[in-house]
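# Per-entry structural report
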Amino acid sequence: MARNRRSTDQERYLLLKGMLRERRREVQEKLRSLRETLPVEAAVVRDSEEQSVDDFVTEVDMALMQMKSETLSKIDQAIARLEDGSYGLCQECDGEISAARLKALPFAHLCRACQEEAESTLRAAREAKAFARLQKELAHVTLRTPTGRR
Ligand SMILES: [Zn+2]
């Protein structure tokens, strides 16, 4: 029986590894095409509206690229965990990540509970950051208001 179990594990391992590799290739492909579409230089003089649309597109592309890079490193980490045998275990609480969750998110490194916890922490941090930025902008506006005139 032990032998059977080992070969099932081996199969699952190979299957997962193949899938992760495949996903990795896809993401890398997308990253490459994104890099190619990014404007290299803005030597041409354009009106400001056009410029800001371009800026926006670049910003979106950058965000997308960052997301892709993050996905890539998650995939790499999942492959590393497969190799050291910790795949499928929550990195936070060492609990087992449910099979359904792994099926939907093959490179999940947290169980659902820990993920939710992490997300709410992240959300709180983002909100705090957004608020700080807003405060800074408001301070800036106040600074630029001409003084001494009423
Ligand atoms: Zn957990």
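Source: prediction; values computed, not measured. (Residues numbered from 1 in each chain as written. Predicted model: local features only at pLDDT ≥ 70, side-chain atom pairs only at ≥ 80, totals over all residues. Heavy atoms only, no water.)

### Side note on the overall build of the protein
The following threshold applies: Only DSSP runs of H or I covering at least 4 residues are called helices, and only runs of E covering at least 2 are called strands; the numbering of each starts at the N terminus. Under the scheme applied here, a residue whose accessible area is under 20% of the maximum for its type counts as buried, over 50% as exposed, and between as partly exposed, the area being computed with a 1.4 Å probe on protein chains only. Here, two residues are considered to be in contact whenever any of their heavy atoms come within 4.5 Å of each other.
Each helix and strand counted, the protein has four helices and zero strands in total. Helices and strands appear in the protein in the N-to-C order α-α-α-α. Residues counted as buried form 21% of the 150 residues belonging to the protein. Across the protein, every contact between residues at least 6 apart in sequence was considered, and the portion connecting residues at least 24 apart equals 56%.

### Looking at the coordination of the zinc ion
Quick reminder of the rule: For Na, K and Ca the donor cutoff is 3.2 Å, while for all other metals N, O and S atoms count as donors only within 2.8 Å; water does not appear among the atoms, so some sites may look incomplete. Just to be clear on the cut-offs, tetrahedral is four donors with all angles between 85 and 135 degrees, square planar is four donors and octahedral six with opposite donors over 155 degrees apart and all others between 65 and 115, and anything else goes down as irregular.
In this structure, Cys90 (SG), Cys93 (SG), Cys111 (SG) and Cys114 (SG) serve as the protein donors to the zinc ion, at separations of 2.3 to 2.4 Å. Considering all four donor atoms around the zinc ion, the spread of angles at the metal, 104 to 116°, places the coordination shape in the tetrahedral class. As a motif over one chain, the donors of the zinc ion read C-x2-C-x17-C-x2-C. A residue pair is termed long-range when its members are at least 10 positions apart, and Cys93 in the loop between helix H2 (48-84) and helix H3 (99-104) and Cys114 in helix H4 (residues 112-144) qualify at 21 residues.

### Digging into the confidence of the model for the protein
The line we're drawing: Per residue, pLDDT measures the predictor's confidence, with a range of 0 to 100.
Of the residues in the protein, 81% have a pLDDT of 70 or more, and the chain-wide mean is 81. In the model of the protein, helix H1 (residues 2-37) stands out as the element of lowest mean pLDDT, 79, in contrast to H3, which has the highest, 89.

### Topic: the nonpolar core
For the record, the criterion: The definition of a nonpolar core used throughout is a set of buried Ala, Val, Leu, Ile, Met, Phe, Trp, Tyr and Cys residues joined through side-chain atoms within 4.5 Å.
Counting residues in each nonpolar core, the largest one holds 20 residues, and the members touching the most others are Leu20, Ile75, Tyr87 and Cys90. Of all the secondary structure elements, the ones that give two or more residues to this core are H1 and H2. If you tally residues by element for this core, the top one is H2, at six residues.

### Some thoughts on the layout of surface pockets
Our working definition: Here a cavity denotes a set of grid points, spaced 1 Å apart and computed over the protein atoms alone, in which a 1.4 Å probe fits but from which it cannot get out, and a pocket denotes an open set meeting protein on both sides within 12 Å along at least five of seven lines; residues with an atom within 4 Å of a point are reported as lining. Grid points are joined across faces, edges and corners, and a volume is the space filled by probe spheres set on the points. Nonpolar residues are Ala, Val, Leu, Ile, Met, Phe, Trp, Tyr, Cys and Pro. Charged residues are Asp, Glu, Lys and Arg, and all others, Gly as well, are polar.
Size it by volume and the largest pocket reaches roughly 270 Å³. Forming the boundary of the largest pocket are Lys74, Arg101, Leu105, Phe107, Ala108, His109, Leu110, Gln115, Ala118, Glu119 and Leu122. A total of four residues in the lining of the largest pocket trace back to one element, the largest contributor, which is H4. Broken down by class, the residue content of the lining of the largest pocket amounts to six nonpolar, two polar and three charged. Taken as a whole, the second largest pocket holds about 200 Å³ of empty space. As for the second largest pocket, its lining consists of ten residues, and the residues nearest its centre are Asp9, Arg12, Leu82, Gly85 and Tyr87. Among the secondary structure elements, those contributing two or more residues to the lining of the second largest pocket are H1 and H2. Considering each element in turn, the lining of the second largest pocket owes the most residues, five residues, to H1.

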